[in-house]
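# Tertiary structure, described
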Amino acid sequence: LKFEGNGVGMIGGGENGESTWSALIATRMFRKMGGTLPVEVILPRYGDYNRDKEICDKYLPQSDAKCIILSERLGLKEGKEEDLFIKEFHVGSNLIKSLGLVLTSFENILLLESDTLLLKPIDDNIFNMEPFNSKGLILWPDFWKRKTSPHFYRVTSKDGKISNKIIRDGIVELPEKRQFNSGKATSIFKLHDREGTIGDVANDSGELMINKKTHWNTIMLSLYYNLYGFGYYYPLLSQREGENAEKETLAAAATVLKLPYYQVKHEVLANGFWYNNDYRGVGMMEFDPVVDFFAYDSYFDKFGENNPNKLRELDLKRYLQESSDRSSALFFRVNFPRLLPIDLIKDKFVVKENGDRIKLFGDYKFINENLE
């Protein structure tokens, strides 16, 4: 496989081509908001391309984007050969991202769900700066606490044991002088504050950045976890069945391989609107990893020596929110409802009872009021 340069991958396809349509909107917004990186829309099968050919051949190239077909890059022929592969390996949305990471053209890739909108300019520099420069893998947080089972660590560790060394307080990595032995692995200290575990919180599936060269083994192990996800690794990673656990496989693989990664510290923010005294969330705002990394670094500079007791998860969250210099939203994942115009009109989600138009996006300092 040959890959080079930097770029964006977006997941297309889906039933009736919803994700390809969303990718077209997201790509146009990516350009409108100042994104200069080349874009590849990842289609699982030849059938996706045949259905979405006009988008792939006419409209995406207008925004310096193109479609790639995973089946074609795997050397599969359309028809029985492709069908057999899909059936034998249970290729669903859980595997599309893993295969997309392997088969896209870029060495450094920003992988986005097609419902993720860019909020400010982005170019090659994001791959040359911290934290990506040293970590090679950036993940973004979800709303939820981590629910990975202790049995995952017993399965993947050499001696089948969980460490009782406490190395973090939630999202805060403790300096070595503040790490300590908790006595027993079954003590009151949180499982995911322990050495060798995947840190809190759960990861969002909407965006990730990875260097395929330095994290090739991470990608391969993640692919393995997804191949054997149902009935095996998914229940271990999220204590539930289903493709939702796919989003945890890269962090799990990097942790098992002892390779570095960075999860953005700023918590995800909900965006939505109030209607009839009812709040309706429509999406998730995720934050710039470069701004986040240097804010996190300044937090350690300020409290690491003078007041190390402030190195706690709650204090870090307050610190990041105290100043606009420490937080800058980069992505807005509009996943409920998805931006499918026909469905929005048909379901009347954007219209009040009196016929007036509903403004879906709430007013935040992080987004332009005309974004919608």
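Presented here is an overview of the structure given in this document.

About the criteria used
Residues numbered from 1 in each chain as written. Predicted model: local features only at pLDDT ≥ 70, side-chain atom pairs only at ≥ 80, totals over all residues. Heavy atoms only, no water. Helix = DSSP H or I, 4+ residues; strand = E, 2+ residues; numbered from the N terminus. Rg over C-alpha atoms; globule rule 2.2 N^0.38 Å. Buried < 20%, exposed > 50% of the residue type's maximum accessible area, 1.4 Å probe, protein only. Contact = heavy atoms within 4.5 Å. Areas by Shrake-Rupley, 256 points an atom, 1.4 Å probe, with all protein chains shown as cover. Lys, Arg positive; Asp, Glu negative; His and termini not counted. Charge placed at Lys NZ, Arg CZ, Asp CG, Glu CD. 1 Å grid on protein atoms, 1.4 Å probe; cavity = no way out; pocket = protein on both sides within 12 Å on 5 of 7 lines; lining within 4 Å. Points joined across faces, edges and corners; volume = space filled by probe spheres on them. Nonpolar A, V, L, I, M, F, W, Y, C, P; charged D, E, K, R; others polar. Pairing = 2+ DSSP bridges. Core = buried A, V, L, I, M, F, W, Y, C linked by side-chain atoms within 4.5 Å. Axes fitted to C-alpha atoms, helices over the stretch in contact; angles between N-to-C directions. Salt bridge = Lys/Arg side-chain N within 4 Å of Asp/Glu carboxyl O. Disulfide = S-S within 2.5 Å.

Attention shifts here to the overall build of the chain. When you go through the chain residue by residue, the secondary structure sums to 15 helices and 15 strands. Its C-alpha radius of gyration of 21 Å places the chain within 12% of the 21 Å reference for a compact globule of 372 residues. With respect to the principal axes defined by its C-alpha atoms, the chain has extents near 60 × 50 × 40 Å. The proportion of buried residues among the 372 residues of the chain is 53%. Taking contacts inside the chain between residues at least 6 apart in sequence as the whole, the part at least 24 apart equals 76%. As presented, the chain carries roughly 18100 Å² of accessible surface, and 51% of it is formed by carbon and sulfur atoms. The chain carries 50 positive and 54 negative side-chain charges, and their two centres are separated by 4 Å.

On inspection of all chains with the given rule, the structure shows three cavities of 30 Å³ or more. If you add up the space inside the largest cavity, you get close to 60 Å³. Lys-97, Leu-139, Asp-204, Ser-205, Glu-207, Leu-208, Glu-246, Lys-247, Thr-249 and Leu-250 together form the lining of the largest cavity. Within the residue set of the lining of the largest cavity, elements represented by two or more residues are strand E11 (203-211) and helix H12 (249-256). A total of four residues in the lining of the largest cavity trace back to one element, the largest contributor, which is E11. Of the residues belonging to the lining of the largest cavity, the class tally is three nonpolar, two polar and five charged. Put simply, the second largest cavity is a space of about 40 Å³. Around the second largest cavity, the lining residues are Ser-22, Ile-25, Ala-26, Ser-114, Asp-115, Leu-117, Val-334 and Leu-339. When residues of the lining of the second largest cavity are assigned to their parent elements, the largest contribution, three residues, is made by helix H1 (residues 18-32). Looking at the lining of the second largest cavity residue by residue, the class counts come to five nonpolar, two polar and one charged.

Further remarks concern the pairing of strand E14 (residues 278-287). Judged from the seven bridges that link them, strand E13 (residues 269-275) and E14 form a sheet pairing that is antiparallel. Residue pairing for E14: Phe-273 is matched across the bridge by Arg-280. If you look at the hairpin formed by E13 and E14, you'll find two residues sitting between the two strands, and Asn-276 has a positive phi there, around 55 degrees. When E14 meets strand E15 (residues 329-333), the two strands line up antiparallel, connected through four bridges. Residue Met-285 lies in a different strand from E15, and its bridge partner there is Phe-332.

Let us now look at the nonpolar core. In terms of nonpolar packing, the biggest core is built from 65 residues, with Val-8, Leu-110, Met-209, Tyr-299, Phe-332, Phe-361 and Leu-371 touching the most fellow members. At six residues, helix H13 (residues 289-303) tops the list of elements feeding residues into this core. Apart from residues lying up to four places away in sequence, Val-8 is in contact with Phe-30, Leu-37, Pro-38, Val-39, Glu-40, Phe-106, Ile-109, Leu-110 and Leu-112.

We now examine the environment of Gly-196. As for its placement among the helices and strands, Gly-196 is situated in the loop between strand E10 (180-181) and E11. Separated by 96 residues in sequence, Gly-196 and Gly-100 have C-alpha atoms that sit 28 Å apart. Discounting residues that sit within four places of it in the chain, Gly-196 has contacts with Tyr-153 and Thr-255.

So, on to H12. Owing to its 3.6 residues per turn, the α-helix aligns residues three or four sequence positions apart on the same side. Where burial is concerned, most of H12 is hidden: seven out of the eight residues are buried. All of the buried residues along H12 are Thr-249, Leu-250, Ala-251, Ala-252, Ala-253, Ala-254 and Thr-255. Among the residues trailing H12, Lys-258 stands out with phi positive, at a value near 60 degrees.

Turning to the sheet that holds E13, a few remarks are in order. The strand order across the open sheet formed by four strands is E5-E15-E14-E13, and the pairing between neighbours is antiparallel. For this open sheet the edge positions go to strand E5 (116-118) and E13, each flanked by a neighbour on one side alone. Neighbouring strand axes in the sheet, compared pairwise and without regard to direction, differ in orientation by 35 degrees on average.

Turning next to the pattern of salt bridges. All told, the structure shown has 24 salt bridges when counted by the stated rule. A salt bridge links Arg-168 to Glu-173; the nearest nitrogen and oxygen atoms lie 3.4 Å apart.

Moving on, we come to the state of the cysteines. Under the defined criterion, the tally for this structure stands at one disulfide. Residue pairing for Cys-56: its cysteine sulfur links by disulfide to Cys-67, the two sulfurs lying 2.1 Å apart. Disulfide Cys-56-Cys-67: torsion about the S-S bond near -85 degrees, hence left-handed. Residue Cys-56 is located in helix H3 (residues 53-59), and its partner Cys-67 is located in strand E3 (residues 65-69); the two are separated by eleven residues in the primary sequence.

With that settled, consider helix H11 (residues 229-238). When H11 is considered as a whole, its buried residues turn out to be Gly-229, Tyr-233, Tyr-234, Leu-236, Leu-237 and Ser-238. Two residues or fewer past H11, Gln-239 is found with a positive phi of approximately 55 degrees.

Attention now goes to the sheet that holds strand E1 (residues 6-11). Ordered by their spatial adjacency, seven strands build an open sheet running E3-E2-E1-E4-E11-E6-E12, and the pairing between neighbours is mixed. In the strand order of this sheet, the two ends are held by E3 and strand E12 (262-263), each with one partner. Sheet topology note: the strand E6 (residues 137-141)/E12 ladder contains two bridges and is parallel. In the sheet register, Ile-138 faces E12, and the bridge partner there is Tyr-262.

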